[in-house]
Amino acid sequence: MDAPVRIRSVWADNVHHEIIAIIKQAALSHPFISLSINLLHSNRNHQRRGRIPPGASPGDPNSNYATLRATVGASVLQVGLALSDEGGNLPTCKETGQPCAWEFNLRVVDRRTGEFAPWQHGVLRASAVDAEESKRRAIDPSHFSFSLFGASILMRSRIRWVVFKGGLDFGGLLKLLRGEDLPRKRDEWFQWLQAYFPSFYDVMHLTEQLRLAPAGGGGSLDGVAEKMGVGRDGQHTQGAGSDSLLVLRVFLKMKQESFGGGFQEHLHGNVLFGFCKRGEHV
């Protein structure tokens, strides 16, 4: 993964082609899929919410789930996906031969006004999204969700999803996929997860297993990456695509250097940090 990575920016005019490429790669040769989403809230105060739980402690699963249900009422702005094979190799772009990851830009503009709220422009910039381009080219969310999961290939158990504090990623994407609010009860939500994401790893849970204290004393992705000696790609430092790539890089380094090239499923797999009780699996 040392070669510069190209993050492919996906819009309505190329979404079909790019999703087909991802499904083919995942089905044939790259079963690890790192997922990260960015949300755009309609309420300025809610935009301050970040990963759940916010720190390095898992906290209370039921309380965290209540926070998640309130948080994913926001619109999904971006979906980042980065794929890897068993050897840690990314798929390559046909045009350049570079390793690549993907960043899907979804339509979130207010349907009534066709505009973003003034304060939302700062959120867009933080995700490296141009407001005017988003209004013109962004992907219809329902089309994205149907295209990605319509064939059910990505719901098979051989696909291993990789997340960092993945409650927000899974929760936001599931709300988008199903077109309904998350269930009231945490165990009912787990049934949704089992159906759509039957096999996954949460990097923050792996960090806990390693007793690794993130740099800076918090529980941020960048803090864990710094502790592992992993950095972001110099050309891509913002957005869901950059986040998914960094999550994948941390995961692959942990897999190779800290877990001897593999994981024990009963210890490491299907444990969602902050949402599973001790010893519980999804």
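Residues numbered from 1 in each chain as written. Predicted model: local features only at pLDDT ≥ 70, side-chain atom pairs only at ≥ 80, totals over all residues. Heavy atoms only, no water.

> Please explain the overall build of the chain as it appears in this structure.
On a plain count of helices and strands, the chain comes out with 11 helices and six strands. Since a compact globule built from 282 residues should have a radius of gyration of about 19 Å, the 18 Å found for the chain is in line with a globular shape. The principal-axis extent of the C-alpha atoms belonging to the chain is close to 50 × 45 × 40 Å. Taken across its 282 residues, the chain has 53% of its residues classed as buried. Sequence separation of 24 or more characterises 77% of the internal contacts of the chain that already satisfy a separation of 6 or more. Surface exposure of the chain reaches about 12600 Å², of which carbon and sulfur atoms provide 46%. Positive and negative charge centroids in the chain, built from 33 and 28 side chains respectively, lie 3 Å apart. (Helix = DSSP H or I, 4+ residues; strand = E, 2+ residues; numbered from the N terminus. Rg over C-alpha atoms; globule rule 2.2 N^0.38 Å. Buried < 20%, exposed > 50% of the residue type's maximum accessible area, 1.4 Å probe, protein only. Contact = heavy atoms within 4.5 Å. Areas by Shrake-Rupley, 256 points an atom, 1.4 Å probe, with all protein chains shown as cover. Lys, Arg positive; Asp, Glu negative; His and termini not counted. Charge placed at Lys NZ, Arg CZ, Asp CG, Glu CD.)

> I tried to follow the sheet that holds strand β6 (residues 200-202) on my own but got confused; where do I start?
Sheets are built from strands that pair by backbone hydrogen bonding, the pairs being arranged parallel or antiparallel. Strand order in the open sheet made by the six strands is β1-β4-β3-β2-β5-β6, with mixed pairing throughout. Where the open sheet ends on each side, the last strands, each with one partner, are β1 (6-10) and β6. Each adjacent strand pair in this sheet contributes to an overall mean axis angle of 25 degrees, direction not counted. Direction of pairing for strand β3 (residues 75-84) relative to strand β4 (residues 100-105): antiparallel, over a ladder of four bridges. Bridge assignment links V79 to a residue of β4, and that residue is F104. The strands touched by helix α6 (residues 167-178) are β2 (32-40), β3, β5 (160-163) and β6; relative to β2, the strand with the most contacts, the crossing angle is about 75 degrees. (Pairing = 2+ DSSP bridges. Axes fitted to C-alpha atoms, helices over the stretch in contact; angles between N-to-C directions.)

> Could you clarify how one ought to interpret the layout of surface pockets in this entry?
Empty space among the atoms can be located by rolling a probe the size of a water molecule over them. For the largest pocket, the calculated volume is near 640 Å³. Along the walls of the largest pocket sit 31 residues, with L40, G73, A74, S75 and V108 positioned nearest its centre. Elements represented by at least two residues in the lining of the largest pocket include exactly α2 (61-71), β3, α5 (141-149) and α6. When residues in the lining of the largest pocket are grouped by element, the largest group, three residues, is from α6. Of the residues contributing to the lining of the largest pocket, the split by class is 12 nonpolar, 11 polar and eight charged. A volume near 510 Å³ is recorded for the second largest pocket. (1 Å grid on protein atoms, 1.4 Å probe; cavity = no way out; pocket = protein on both sides within 12 Å on 5 of 7 lines; lining within 4 Å. Points joined across faces, edges and corners; volume = space filled by probe spheres on them. Nonpolar A, V, L, I, M, F, W, Y, C, P; charged D, E, K, R; others polar.)

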